[in-house]
Amino acid sequence: MAQLALVIDLNVCVGCHACVTSCKEWNTAGAAGPMTDQSAYDKDPTGTFFNRVQTYEAGTFPNTETIHFPKSCLHCEDPPCVPVCPTGASYKRKEDGIVLVDYDKCIGCKYCSWACPYGAREFDEEQKVMKKCTLCVDRIYDLNKPEEERLPACVMSCPTSARLFGDVHDPESDVSIAIRERAGYQLMPEWSTHPANHYLPRRKTTMNIHQDELIRADNPLKKEGLLSDLPSDKQTLDETTSW
Amino acid sequence: MKIAYRTIEGRSRGYFALFGVLGLFVLAGLGAAHHMESEGHWITGMNNQIVWGMPHVFAVFLIVAASGALNIASISSVFAKTAYKPLARLSGLLSIALLAGGLMILVLDLGRPDRLIVAMTTYNFKSIFAWNIILYNGLFAIVAVYIWMMMEGRFNKYSRTVGMVAFIWRLLLTTGTGSIFGFLVARQGYDAAIMAPMFVVMSFSFGLAIFLLVLMASYSWSERPLGDATVKRLKNLLGVFVAGVLYFVLAYHLTNLYATEHHGYEAFLLLGENGGGIYSNLFWIGQVLLGSLLPLALLYHPVTGKNRVMLGFASVLIILGGLAQMYTIIIGGQAFPMAMFPGMEVSSSFGDGVTASYAPSTWEVMLGVGGFAMSLVIVTAAVKILAFLPEDLSDEIADPHTASKST
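Just so it is clear, the model here is predicted, and its values are computed rather than measured.

Peer 1: An account of the sheet that holds strand β10 (residues 163-167) of chain A is needed here, citing residue identities and associated values.
Peer 2: All names here are of chain A. Strand order in this open sheet of three strands is β10-β1-β11, and the pairing throughout is mixed. Strands with a single pairing partner mark the edges of an open sheet, and in this sheet they are β10 and β11 (198-200). Taking the axes of each pair of neighbouring strands and ignoring which way they run, one obtains an average angle of 25° across the sheet. Examined bridge by bridge, strand β1 (residues 4-9) and β11 share three bridges and lie parallel to one another.

Dropping the structure here:
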């Protein structure tokens, strides 16, 4: 069975929030909308967001680095928010593994919000039902859209292509290959919720070079270092010969 | 000796004044709920981190106390202690009333109370929350039948059986309420099996404190005799329950302190680190000192233990301490940030990863107090309509030991 998911490359995410705003824009206009905002432009914006970017510092000063971590519903394969829902409004689709909320069945008791270990649940304070990332279920199956646009809004908008979308159960999909070959990991796997979304870790390109690799073995004059500059009025050999 | 039950007269100015004041609180609560409902939940202090606020503190407290208030009736019919028999009807009434008040708050604090019918008809049996809906409704029905069996002379013989069912049901109910928190694996403050029995003992304590207050107030205001033997029995029992709650709280925290994983949460709650000052103050000053140790001293001190005003004061302190305990459990547990990136300092423009702040809005407090008032309105009305209260609870009548000595 398919399990659609996002794979997010933390190596190239720059924390620009384009995914946050495009998600908000699409979903406000879509089936989940409107997504209430109380103070969208103040210092501490509040409101319903399906996708948020957390920033954290790894390491100890001065050896630190900043990591931007976009987080939305991880569409767990064993989602703890589903069994706790008293009315069954919270459910996981069999056909593609998307975890959804039936907005007509939700009574707004917010118990799923307690159960989600990832803090991915969002209570819409005006419609008073629980909402969350739908993986843009109303985009990805929309046959009126050109095929290349049948992607979640956040994936479409990411300027660094940090977000990949696909079926993690298909071993040949882009996302599966990325997870396999680039050490993709799940957030808090110790919960055994098996999040479908994966993260690709930060990567560093380093190489070990030994000192003897930097000294020429074949150097009869034993002269190391740069050659002295030629006077600018002299010709070099390259300019006078054809070889 | 035969116990004579009689309705209270309920024509005095004091009775109507009490009714009026409680009614005003109920109306204020309903008004607040309507306001929150029409404006949206953004006017409350709740947010995406603190999803259950002040109304839930009151609601869970009242629901827990409701099952505890039934204890007196259980002691009389299940454990056949005749001294408690005259109090059994009031115990059943208080149980229904407190449950009704708690559920009023709970339902009106739902995002969509208009969809209550969905909650009643569509059950997901894997959800402890769904089980609680069944447990709450069941307690109403069972206790109503129980009171009926006790009141109708022909059916008195069944009251023991129904009382047994009610006793088991109330234990299940409080286990269910405690498990709402005990089953929560996602947050540091919960995920503990001890929550269920702890809630059961909390219910004993809170329910009896309210019972003792209502009993003393109704007998004093209706000028009926209430003997010292009955009061002494209840206050000694109350002391045992208060100490029992402290024991469970101690066991819970000791377990957490032993496991390194929970040290952050314990430092937050017990020492007020990481922005937990309000919760540690509520815990130490509200719950432990004023809500447990001081009442224990008042209940067992040879002087204050005989003074009914002091016993009433101790009961009020236990109730306030119980509310403080609920606040630290419910709000404190949510405010503590989830351990998503252990050891990392997380920041975001949305307030994730930091200790969540919560300031209850007036509307939420009004709804909570309104529910409490609703419970008392039900009791005040019911004792006038049906014969819940024995006419005379003086020692010779109420206490069989004293009675047997005098004859």
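Anyway, onward from the coordinates.
Peer 1: With reference to specific residues and values, describe helix α11 (residues 277-300) of chain B.
Peer 2: Taking the largest bend as the criterion, α11(B) deviates by roughly 40°, centred on Leu289(B). Structurally, α11(B) contributes buried residues whose contacts are with α9 (228-258), α10 (263-270) and α12 (308-335) of chain B.

Peer 1: Just give me the short version of the environment of Val175(A), but keep the residues and values in it.
Peer 2: Residues and elements named next belong to chain A. Position of valine 175 relative to the elements: it lies in helix α5 (residues 174-181). C-alpha separation for the pair valine 175 and alanine 5, spaced 170 residues apart in sequence, amounts to 8.2 Å. Those residues in contact with valine 175, other than ones at most four positions away along the chain, are Ala5, Val7, Leu164, Phe165, Gly166 and Val168.

Peer 1: I'd like to hear about the nonpolar core, residue by residue, with values.
Peer 2: All names here are of chain B. Residues Val57, Phe61, Leu94 and Ile210 are the most contacted members of the largest nonpolar core, which totals 187 residues. Ranked by residues supplied to this core, first place goes to helix α8 (residues 195-221) with 17 residues. Every residue in contact with valine 57, bar those within four places of it in the chain, is listed here: Leu323, Met326, Tyr327, Ile330, Ile331 and Gly368.

Peer 1: Got a sec to walk through the interface of chain A and chain B? Specific residues and values, please.
Peer 2: Facing the 42 residues of chain A at the interface are 37 residues of chain B. Contributing elements (two or more residues each) for the side of chain A that touches chain B: β4 (51-60), α2 (111-115) and β8 (122-124) of chain A. Looking at the side of chain A that touches chain B element by element, the count peaks at seven residues for β4(A). When grouped by side-chain class, the residues that make up the side of chain A that touches chain B number 23 nonpolar, 10 polar and nine charged.

Parameters at a glance
Residues numbered from 1 in each chain as written. Chains lettered and ligands numbered in written order. Predicted model: local features only at pLDDT ≥ 70, side-chain atom pairs only at ≥ 80, totals over all residues. Pairing = 2+ DSSP bridges. Helix = DSSP H or I, 4+ residues; strand = E, 2+ residues; numbered from the N terminus. Axes fitted to C-alpha atoms, helices over the stretch in contact; angles between N-to-C directions. Bend = angle between axes of the 7 residues up to and from the residue. Contact = placed C-beta atoms within 7 Å. Core = buried A, V, L, I, M, F, W, Y, C linked by C-beta atoms within 7 Å. Buried ≥ 20, exposed ≤ 12 C-beta atoms within 10 Å, placed from the backbone. Nonpolar A, V, L, I, M, F, W, Y, C, P; charged D, E, K, R; others polar.

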